[in-house]
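Structure assessment
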Amino acid sequence: MSFAAPSPTTADIGVIGMGVMGSRLARNLARHGHAVGIYNVTTAKTQAVLDEHGDEGTFVPAAELADFVASLTRPRVVLIMVVAGPITDEVIGNVKEFLEPGDIIIDGGNSLYTDTIRREKELREDGLLFVGAGVSGGAEGALHGPSIMPGCSDEAYGRVGPMLESIAAKADDGEACCTHISTDGSGHYVKMVHNGIEYADMQLIAEAYSLLRGALELEPAALAEVFRAWNTTELESYLIEITAEVLDQVDAETGKPLVDVILDQAGQKGTGRWTVQDALDLGVPVTGIAEATFARALSSSVPQREAGQELAALAEAWQVDDADAVTEDVRKALYASKVVAYSQGFDQIYAAAVEYDWQIDLAAVAKIWREGCIIRAAFLDEIAAAYAGAAKRTGNQAADLHGAAEANDAKVSRDGAGTTNEASVDDESAAGEHSGTSTPGARTEDAEGSSGGENPVPLLLAARHFREAVEECIPALRRVVAQAALAGVPVPAFAASLAYYDGVRAKRLPAALIQGQRDFFGSHTYARIDKPGMFHTQWAEDGTEVPAS
């Protein structure tokens, strides 16, 4: 199967990859009046788009890559929608042979942000512009309006921004759910953290389901109605909505609830894991996201789970006197824990912005997640308002981030993978042991993280709206976590959320003992609460304290 060579310079944008996401984004672009060049390595998929959807707009098919590129108006814009990783590199290498300086390549896949940083630098050296665009919303979002998170130069966004905004989802106020995030890998970074929050959100919902089903002995269909009711409250969100649909579904083959015949081993494609790994590098505690990621790993740890069947529960039966009260407790616990996940995720984005000198408007990020994406939720308006209000009070959020980056006095070097290595005060620290802590009024020299600069919203949980809402829910969260522990029901994300809340509100943490231990065995030094500087106790000698050299 082949196509006649298309007329030169007839398409506004070209899409490579006619899989589910690529074909649907191409159709979305065509529906919005853009002439779309389409190419797939196997022409049958290109033909299928024409046969099934050719009447939706103007498509310019090509069987050869050279013809595909020739069909694009200058400066050419090529959107690549293929599997992330080496295949993306291969496609970029192939298509750039036909491009010229000033042309633009967009990677709309789930690429690791450090790959995007590398690709942008390499292509810039060839005179090409590169856009790493996070795209959320799945197949339906791609067709009807996704949330789009482009990271690129101002020049590139000036060319592609209007097209991307035209196909993005629209919030209730009419704003497009697409904004220029910042430079190079920032768009894919924000999308990565979006997916990490998604992991936490889904795990929390699953734990809520598990608790209610076990405690109240409700069938999935009855629980579907519970979630539908919750979707009319502050929990209103896409994930709550689809949870009710999944719980309502009956398996045609067995007649059982579908959720009861699905194997209880959750898969993952890597973005949640990347989020947690990067948070560790930055020294940002994303405990809810981490526990959600580990919960998926545990669910798929078949040999361990099989061996664990021999372990005694040694738990108490959950005695429910008031089903409505238990249901309300779980609802409130879910809300508080969801806020913790978003709070941690936005902290991570801020820390990365400082680390990579990205000028990210966190209010704008919250706004583009209001529609189109998987974690769209009603309370994102309140998150946007919290960050926008702080930006007004401090002058400008992007300027705040820039100042924070300049104020970071840690000696940082970035390796080729985009990771951070900090200089430390002694050889063992330099070998990789860091405290990840800081003391008010003093800076621990080997501490990791975004310690340089003030975050205009240092803790979303403490922003006025969320503080009031979460404090109302905390007693319920405590009851739920305590009762789950007594009943032997695993709720790692709920428990981690409560521990984080208690950790950030604690006036003093046991980290002081850890610093003493580290100084004892490794001479890592410590800061004091009553005077500046770093100190070391001569433990093996006379136990006197001396200033660190």
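A brief structural summary. This structure is a prediction, so every number in the text was calculated from the model and none was measured.

**Considerations on a nonpolar patch on the surface**
- There is a patch of nonpolar side chains on the surface, built from F520, F521 and W539 and spanning about 360 Å² of accessible area.
- In this structure, W539 sits in the loop between β11 (534–537) and β12 (545–547).
- The class for W539 is partly exposed, based on a relative accessible area of 37%.

**Observations regarding the packing of helix α15 (residues 323–356) against helix α21 (residues 492–505)**
- Direction vectors running N to C along α15 and α21 enclose 65°, while the axes themselves pass 9 Å from each other. With respect to their mutual orientation, α15 and α21 come out roughly perpendicular. The hand of the α15/α21 crossing is left-handed. For the pair α15 and α21, contact is made by A333, L334, S337, V340, Q344 and D347 and by F494, S497 and Y500, respectively.

**So, the side chain of T88**
- Turning to its location among the elements, T88 is positioned in helix α4 (residues 86–96).
- Judged by its relative accessible area of 0%, T88 is buried.
- In contact with T88, not counting residues within four places along its chain, are V82, V83, D107 and R119.

**Quick word on the nonpolar core**
- The biggest cluster of nonpolar side chains holds 97 residues, and the ones touching the most others in it are W230, W369, I383 and F494.
- In terms of residue count, the dominant contributor to this core is α15 (18 residues).
- When near neighbours in sequence (up to four residues on either side) are disregarded, W369 contacts S147, M149, V190, H194, I197, F346, I349, I375, R376, A377 and L380.
- Core analysis: the next-biggest nonpolar cluster, separate from the first, contains 31 residues, A26, V36, A156 and L164 among them.

**Some remarks on the packing of aromatic side chains**
- In this structure the tally under the stated criterion is 13 aromatic pairs.
- Ring centres of Y356 and W358 lie 4.8 Å apart, and the angle between their planes is 20°; on these two criteria the pair is classed as stacked.
- A residue is classified by how much of its surface remains accessible, and Y356, at 11% relative accessible area, is buried.
- Note on W358: relative accessible area 0%, which makes it buried.
- Clustering of aromatic rings is evident, with ring pairs tying together Y113, Y189, Y356 and W358.
- Looking at R296, its charged tip hangs above the ring of Y199, at a distance of 3.7 Å from the centre.

Definitions and limits used
Position labels on residues start from 1 in each chain and follow its written sequence. Selection of residues for local features in this predicted model requires a pLDDT of at least 70, selection of side-chain atom pairs for listing and counting requires 80 or more, and totals for whole chains, interfaces and linings are taken over all residues. Side-chain descriptors were evaluated using all non-hydrogen atoms of the structure, hydrogens and water having been removed beforehand. Candidate patch residues must exceed 30% relative accessible area and have no salt bridge, after which like charges are joined if within 9 Å and Val, Leu, Ile, Met, Phe, Trp or Tyr side chains if within 5 Å. Only the protein chains shown count as covering a residue, and every accessible area follows the Shrake-Rupley method with a 1.4 Å probe. The term salt bridge refers to a pairing of a side-chain nitrogen on Lys or Arg with a carboxyl oxygen on Asp or Glu at a separation within 4 Å. Secondary structure counts use DSSP, requiring at least four H or I residues in a row for a helix and at least two E residues in a row for a strand, with both numbered from the N terminus. Working definition: with a 1.4 Å probe on protein chains only, accessible area under 20% of the residue-type maximum means buried, over 50% means exposed, and in between means partly exposed. Whenever a helix is involved, its axis is fitted only over the stretch in contact; in every case the axis is a line through C-alpha atoms, and angles between N-to-C directions fall within 0 to 180 degrees. Throughout this description, any angle smaller than 35 degrees is read as roughly parallel, any larger than 145 degrees as roughly antiparallel, any in the 65 to 115 degree range as roughly perpendicular, and the remainder as oblique. Two helices crossing with the near one rotated counterclockwise from the far one by less than a right angle form a left-handed crossing, whereas a clockwise rotation gives a right-handed crossing. In this description, contact between two residues means that some pair of their heavy atoms is separated by no more than 4.5 Å. Only buried Ala, Val, Leu, Ile, Met, Phe, Trp, Tyr and Cys residues count toward a nonpolar core, and they belong to the same one when joined by side-chain atoms within 4.5 Å. Working definition: a ring pair exists when centres of Phe, Tyr or Trp rings (six-membered ring for Trp) sit within 6.5 Å. Plane angles under 30 degrees give stacked, over 60 give edge-to-face, the rest tilted. The criterion for a charge sitting over a ring is simple: Lys NZ or Arg CZ within 6 Å of the ring centre, and within 35 degrees of the ring normal.

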